2 protein chains.
Amino acid sequence: MTALDETHDPTASSWVDGADDHSEFPVQNLPLGIFSTGDGTRRGGVAIGDFVCDLGAVAPLLSGPAAEAATLASGATLNALFSRGNFAADALRTSLFGLFTDISSKAEVSRFLHRMTDCTLHLPFAIGDYTDFYTGIHHAENVGKQFRPDNPLLPNYKWVPIGYHGRASSIVPSGCDVIRPQGQQKNPDGDAPLFGPSKRLDYEMEMAVWTSGSNAMGQPIPIGEAGDHIAGLSILNDWSARDLQAWEYQPLGPFLAKNFNSTISPWVVTSAALAPFRIAQPARPEGDPAPLPYLSDAADQDHGAYAIEMEVLLSTAKMRAAGIEPHRLSKGPMSAMYWTAAQLIAHHTVNGCNLQPGDLLGTGTLSNETPDTFGSLLELSEGGKKAIELPGGETRTFLQDGDEIVMRAHAVREGRRTIGFGECRGRIVG
Amino acid sequence: MTALDETHDPTASSWVDGADDHSEFPVQNLPLGIFSTGDGTRRGGVAIGDFVCDLGAVAPLLSGPAAEAATLASGATLNALFSRGNFAADALRTSLFGLFTDISSKAEVSRFLHRMTDCTLHLPFAIGDYTDFYTGIHHAENVGKQFRPDNPLLPNYKWVPIGYHGRASSIVPSGCDVIRPQGQQKNPDGDAPLFGPSKRLDYEMEMAVWTSGSNAMGQPIPIGEAGDHIAGLSILNDWSARDLQAWEYQPLGPFLAKNFNSTISPWVVTSAALAPFRIAQPARPEGDPAPLPYLSDAADQDHGAYAIEMEVLLSTAKMRAAGIEPHRLSKGPMSAMYWTAAQLIAHHTVNGCNLQPGDLLGTGTLSNETPDTFGSLLELSEGGKKAIELPGGETRTFLQDGDEIVMRAHAVREGRRTIGFGECRGRIVG
């Protein structure tokens, strides 16, 4: 884990407009992403206050590993930067912190700041492979109950960090519309499936881990080193068509129910920025098995979880037309993960599978125990049986055309400066 | 479908050494791939007889679209070439056929031929996403019977082309060793899973479709256009750890049981080369449902299947030491696919999922009805219960260290010149 240093000082202040007031991007955060401005050229940037700083442009003001890192980040993706592991990005962060806190840098650095509202934000990485896990044990129980009331969790759940491969090509950055998928749906009492637009379109509130560095095929990443392969985190909305999913998923898992679209927040909140928010993994309930040795690490149990608060907001077309604020569907901590991010990486590679920089690992839906924390409509509506009441008089069981979901997340801990992830936003279109 | 022309003439002859005698790479084939020689630079090539012709080097001898295609294929992957759909590759094939059949070209073209034994063959594409289907209905029945003797096929099988996402990063070209994966295994009578090297390591004989062109997110590829997105075929060995698979796969499908390694044959046998081998899709058995409209196309039913013969050979370390020839485990036609390649593409995109050039679609294991055609040891050994006898006195239920699997395939049809796919070879190491 990254040691805390001056870059984590909660009292540190920046000369960049908005940084000190900002719950998302104060100088303690400095998340990395890919942006473009008028000419459309994609390049690396860092978010600070209300601005994006162009990394390639600022590179000449830096020296040593930080300058090299900024140059590596000057292209259209962050893959090259994180091919070095986290070392280069960490050096960059430390130097940028110096620039943004030193008023004497203001004149020369300001030239490379772009107002964020003038920027288009893109995917931070060319995603080689996307894996989605299922670490949210309350989500797994809530969904399992709908199919198996007496035995919601399958026997492997507490032994195996359950995961499956997702589609990389259809991951889009926040703000892209989501086209309602068509597909086969089977009514329980029908003889044959029907075909048409999904009627049970849902979101899933997840966090996602970006990987850094790599491992050769056949060379597992030990649990004690797995944390070093976490480049950072973003918010992931794993849109899901529940009717397609129910009919297609046996025996090989979800496919068209998921791969039409997944939305990711565009900023990579780095491991270094998240260091002050690492907390102990919640103890396993009495009677649960201990993880197998390849998943066991005392240090990881001690600080492998994150103090992150997530929330999901819905606005409908009618609400927006009436000037009604988005309605919060849920809010809860990220602590519902039965496995830590390091355990996911150790598990993913224990068979020799090779990870590459910029792979994306979804946590799975992170519901907590009470309904106000549930991370999907499937859970909130109890499988579509219970309508959710919205301000303005509408109700929802699943998403309708025009509905917009916004997910937000903040790392929050007493004595630390809160940092944010930016938005993960998507609107359903028919 | 590509119309037949002079490039399919079974009597056509080439001046290139070995081409006329070759069951793999006569001038009627001209498969594309990526190769390197002494200096290690990866570049596009075409197989002809015992040679690989360097496409970038030969480009100046071509003109128009063929010259442009050869230049597009001069880099380290074929993605750029097939980003144009099949048009560019088709033009290239026609021109190359002209060069290789015209003796007056021999002097200038020979300079660009490399003896295949001097070449290293690489992955033909940077694979964006890999999807594995489950079209082999006899395989699905054979495997299903081991779990559900009375009801081997699930209710969705004859409606939905079942598929799931696989891992792209661990796909390797023929000839790479396969490191036996470790993982969790659960004995039926055990309380807890065990951990260690897989004891039930298997191969799966599949064919694979490379995609060409692309579709925008939200824009399905209609069944009538899907065939135009087939760049060509290769052989795929979807190595599988059956013990890991049995314990991990519910509810989200196979993961570590598959993603440690998949082997692909390095040559893309193009749609144009396969045109003479397109045959009618076998009629569905009486009582099976008709495909839904988005999967229905009379022309596709009329010629959507392939006249391809596949075989699997095993040699053990002991057999090789004793000079015993590889033992054929199975041989059978590719006709066991319940869905055509075009149906897979139409299904994959019907929800709006975007395909990109160089995506890989596995057919799933293609067993036929009789054991001499079964495409996996799981089927041949009846789940490990029946030992397979090998020449030299050894037996196998699953693969042991040192075992080498070679898969071969040929397009064969009366009145046509047989063409081959090259090898898909891999050896297990502990």
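Predicted model, so just to flag it, every value in this text is computed and none were measured. The residue numbers shown here count from 1 along each chain, following its written sequence. The lettering of chains begins at A and the numbering of ligands begins at 1, in the order of writing. Note on the predicted model: pLDDT of at least 70 is required for a residue's local features to be given, and 80 or more for side-chain atom pairs to be given and counted; whole-chain, interface and lining totals, by contrast, use all residues. Processing note: side-chain calculations cover all non-hydrogen atoms of the structure and skip hydrogens and water entirely.

Participant: What is the right way to look at unusual backbone geometry in this model?
Facilitator: Comment: phi is negative for the bulk of residues other than glycine, and the bulk of peptide bonds are trans. Following A:Q250, the chain continues to A:P251 via a peptide bond in cis, the omega torsion being 5°. Labels follow the DSSP assignment, with helices taken as runs of H or I lasting at least four residues and strands as runs of E lasting at least two, numbered in each case from the N terminus. As for its placement among the helices and strands, A:P251 is situated in the loop between α8 (242–248) and β16 (262–264). For A:L30, which is not glycine, the phi dihedral falls at a positive 55°. Tracing the sequence through the fold places A:L30 in the segment before β1 (32–36). The buried label goes to any residue with under 20% of its type's maximum accessible area, the exposed label to any with over 50%, and the partly exposed label to all in between, with areas taken from a 1.4 Å probe on protein chains only. With a relative accessible area of 2%, A:L30 lands in the buried category. In this model, B:E382 sits at a positive phi of 50°, which is unusual for a non-glycine residue. Here B:E382 lies in the loop between α13 (377–380) and β23 (388–389).

Participant: How do you make sense of the sheet that holds strand β3 (residues 51–54) of chain A when you look at a structure like this?
Facilitator: As a general point, the strands of a sheet are linked pairwise by backbone hydrogen bonds and lie either parallel or antiparallel. Residue and element names in this part refer to chain A. Reading across from one edge, β4-β3-β2-β1-β5 is the order of the five strands in this open sheet, with antiparallel pairing throughout. Bordering the open sheet on either side are β4 (113–115) and β5 (120–122), each of which pairs with just one other strand. The sheet shows a mean angle of 45° between the axes of neighbouring strands, taken without regard to direction. Two strands form a pair only when DSSP identifies at least two bridges running between them. Looking at chain direction, β3 and β4 are connected through three bridges and run antiparallel. Think of each axis as a best-fit line through the C-alpha atoms, taken over the contacting stretch in the case of a helix, with angles from 0 to 180 degrees between the N-to-C directions.

Participant: Looking at this structure, how should I read the relation of the copies chain B and chain A?
Facilitator: A rotation about some axis, followed by a shift along it, carries one copy of the chain onto the other. Superposing the copies works by least squares over the C-alpha atoms of residues that have pLDDT at least 70 in both of them. Between the two copies, chain B and chain A, the superposition gives an RMSD of 0.0 Å; the rotation angle is 180° and the shift along the axis is 0.0 Å. The transformation relating the two chain copies, once decomposed into turn and shift, fits a two-fold axis. Distance from the rotation axis, computed per C-alpha, reaches its smallest value in chain B at B:G253: 2.2 Å. Should any heavy atoms of two residues lie within 4.5 Å, those residues are counted as being in contact. Of all interface residues in chain B, 100% are interface residues in chain A too; the two copies therefore contact each other through one and the same surface.

Participant: Sorry if this is basic, but what is going on with the pattern of salt bridges here?
Facilitator: It is possible for side chains bearing opposite charge to pair when their charged atoms get close. Residues and elements named next belong to chain A. Salt-bridge detection follows one rule: a side-chain nitrogen of Lys or Arg within 4 Å of a carboxyl oxygen of Asp or Glu. Applying the stated criterion across every chain, the model contains 34 salt bridges over all chains. The salt bridge involving R180 is made with D401; its shortest N-O contact spans 2.8 Å. With R180 in the loop between β9 (178–179) and β10 (182–185) and D401 in the loop between β24 (395–396) and β25 (404–411), this residue pair connects regions lying 221 residues apart in the sequence. Overall, the relative accessible area of 13% leaves R180 in the buried class.

Participant: Explain the interface of chain B and chain A to me, please; I cannot follow it from the model alone.
Facilitator: In many reports, interface size means the accessible area that the parts give up when they come together. Contacts between the two partners involve 55 residues from chain B and, on the opposite side, 55 residues from chain A. A buried area of about 5,200 Å², summed over both sides, lies between chain B and chain A, and 63% of it is on carbon and sulfur atoms. When the buried surface of chain B facing chain A is broken down by residue, B:R167, B:L252 and B:F255 rank first, second and third, together holding 15% of it. Along the contact surface separating chain B from chain A lie four salt bridges. In the analysis that follows, any N or O atom pair within 3.5 Å is treated as a polar contact, provided that within protein one partner can donate a hydrogen and the other can accept it, and provided that, for residues neighboring in sequence, both atoms belong to side chains. Inspection of the chain B/chain A interface yields 26 residue pairs in polar contact (both at pLDDT 80 or more). The term buried area refers to how much accessible surface (probe radius 1.4 Å) is lost by two components on association, counted for both of them together.

Participant: Please clarify how the pairing of strand β27 (residues 424–429) of chain B should be interpreted in this entry.
Facilitator: For a regular strand, side chains alternate in direction, first toward one face of the sheet and then toward the other. All names here are of chain B. Side-chain alternation along β27 places C424, G426 and I428 on a buried face and R425, R427 and V429 on a face that remains uncovered. Where strand β9 (residues 178–179) lies against β27, two bridges are found, and the strand directions are parallel. Paired with V178 across the bridge in β27 is I428.

Participant: When you look at the domain arrangement of chain A in this model, what are you seeing that I'm missing?
Facilitator: Residue and element names in this part refer to chain A. Taken as a whole, chain A is organised into domain 1 (6–122) and domain 2 (130–429). In this structure, domain 1 and domain 2 have C-alpha centres spaced 28 Å apart. Counting from both sides, the interface comprises 30 residues of domain 1 and, opposite them, 29 residues of domain 2. A per-residue breakdown of the area domain 1 buries against domain 2 is headed by E24, F82 and N86, which together make up 22% of the total. Domain ranges listed in this record stem from an automatic or a database domain assignment.

Participant: When you look at the packing of helix α2 (residues 64–72) of chain A against helix α4 (residues 87–101) of chain A in this model, what are you seeing that I'm missing?
Facilitator: When two helices pack together, their arrangement is captured by the angle between the axes and the distance separating the axes. All names here are of chain A. At a closest axis distance of 8 Å, the pairing of α2 and α4 adopts a crossing angle of 105°. The pairing of α2 with α4 is recorded here as roughly perpendicular in orientation. Across from P65, A66, A69 and A70 in α2, the residues of α4 making contact are F87, A88, A91, L92 and S95. The classification used treats Ala, Val, Leu, Ile, Met, Phe, Trp, Tyr, Cys and Pro as nonpolar, Asp, Glu, Lys and Arg as charged, and all other residues, Gly among them, as polar. Tallied by class, residues from the contact of α2 with α4 come to eight nonpolar, one polar and no charged. Small angles under 35 degrees read as roughly parallel and large ones over 145 as roughly antiparallel, with 65 to 115 read as roughly perpendicular and the rest as oblique.

Participant: I keep staring at a negative patch on the surface and nothing clicks. Help me out?
Facilitator: Residue and element names in this part refer to chain A. For patch building, the residue pool is restricted to those with more than 30% relative accessible area and no salt bridge; the joining distance is 9 Å between like charges and 5 Å between nonpolar side chains (Val, Leu, Ile, Met, Phe, Trp, Tyr). To be clear on the numbers: accessible area is Shrake-Rupley with a 1.4 Å probe, and residue cover counts the displayed protein chains and nothing else. Think of it this way: Lys and Arg go in the positive column, Asp and Glu in the negative one, and His and the chain ends go nowhere. Where a charge sits is defined by one atom per residue type, namely NZ (Lys), CZ (Arg), CG (Asp) or CD (Glu). On the surface, a cluster of negative charge is made up of D17, D20, D21 and D50. Note that D50 resides in the loop between β2 (43–48) and β3. Judged by relative accessible area, D50 falls into the partly exposed class, the value being 31%.

Participant: How do you make sense of the sheet that holds strand β5 (residues 120–122) of chain B when you look at a structure like this?
Facilitator: Residues and elements named next belong to chain B. One open sheet holds the five strands; their spatial order is β4-β3-β2-β1-β5, and the pairing between them is antiparallel. Of all the strands in the sheet, the pair left with one neighbour each is β4 (113–115) and β5. Recorded for the sheet is a direction-independent mean angle of 45° between the axes of neighbouring strands. Where strand β1 (residues 32–36) and β5 come together, three bridges link them in antiparallel fashion. Residue pairing in the sheet places F35 in a bridge with L121 of β5.

Participant: Sorry, what's going on with the side chain of B:S330 here?
Facilitator: Residue and element names in this part refer to chain B. Structurally, the position occupied by S330 is in strand β21 (residues 327–333). Exposure remark for S330: the relative accessible area of 5% places this residue in the buried category. A polar contact of 3.2 Å, which involves the side chain of S330, links it to the backbone oxygen of F374. Beyond its immediate stretch of four places on either side in the chain, S330 contacts M310, E311, V312, D372, T373 and F374.

Participant: Looking at this structure, how should I read the pairing of β25(A)?
Facilitator: Residues and elements named next belong to chain A. β25 sits mainly inside the fold: seven of its eight residues count as buried. Taken together, the four bridges between β25 and strand β27 (residues 424–429) define a ladder with antiparallel strand orientation. The residue of β27 that forms the bridge with V406 is R425.

Participant: Would you take a moment to explain the UniProt feature "active site" (unreviewed entry) in chain A for this structure?
Facilitator: Residues and elements named next belong to chain A. Per the UniProt record, "active site" (unreviewed entry) is found at H139. In this fold, H139 is placed in helix α6 (residues 137–147). For H139, a relative accessible area of 3% corresponds to the buried category. In contact with H139, not counting residues within four places along its chain, are Y134, E204, T365, S367, S376 and E379. UniProt positions are given in the numbering used here, feature names are shortened, and annotations may be inferred rather than shown by experiment.

Participant: Teacher, can you tell me more about the packing of aromatic side chains here?
Facilitator: The geometry of an aromatic ring pair comes down to the distance between the two centres and the angle between the two planes. Residue and element names in this part refer to chain A. To pair, rings of Phe, Tyr and Trp, with the six-membered ring standing in for Trp, must have centres within 6.5 Å; the planes then decide the type, stacked if under 30 degrees apart, edge-to-face if over 60, and tilted in the middle. Taken as a whole, this structure holds 18 aromatic pairs over all chains when the rule is applied. The structure contains a cluster of three or more aromatic residues connected by ring pairs, namely Y134, Y157, Y338 and W339. Think of it as a cone above the ring: NZ of Lys or CZ of Arg counts as a charge over the ring if it is within 6 Å of the ring centre and within 35 degrees of the ring normal. Directly above the aromatic system of W339 lies the positively charged group of R284, at a separation of 4.6 Å from the ring centroid.

Participant: How should the UniProt feature "binding site: substrate" (unreviewed entry) in chain A be read in this particular structure?
Facilitator: Residue and element names in this part refer to chain A. Feature annotation in UniProt places "binding site: substrate" (unreviewed entry) on Y134, R148, Q245, Y249 and T365, given in this structure's numbering. Examined against the element boundaries, R148 turns out to sit in the loop between α6 and β7 (163–166). The partly exposed category is assigned to R148, whose relative accessible area is 26%. Counting through the fold element by element, Q245 comes out in helix α8. Residue class for Q245 comes out buried when judged on its relative accessible area of 17%. Other than its neighbours up to four places away in sequence, Q245 contacts S240, P254, A257 and K258.

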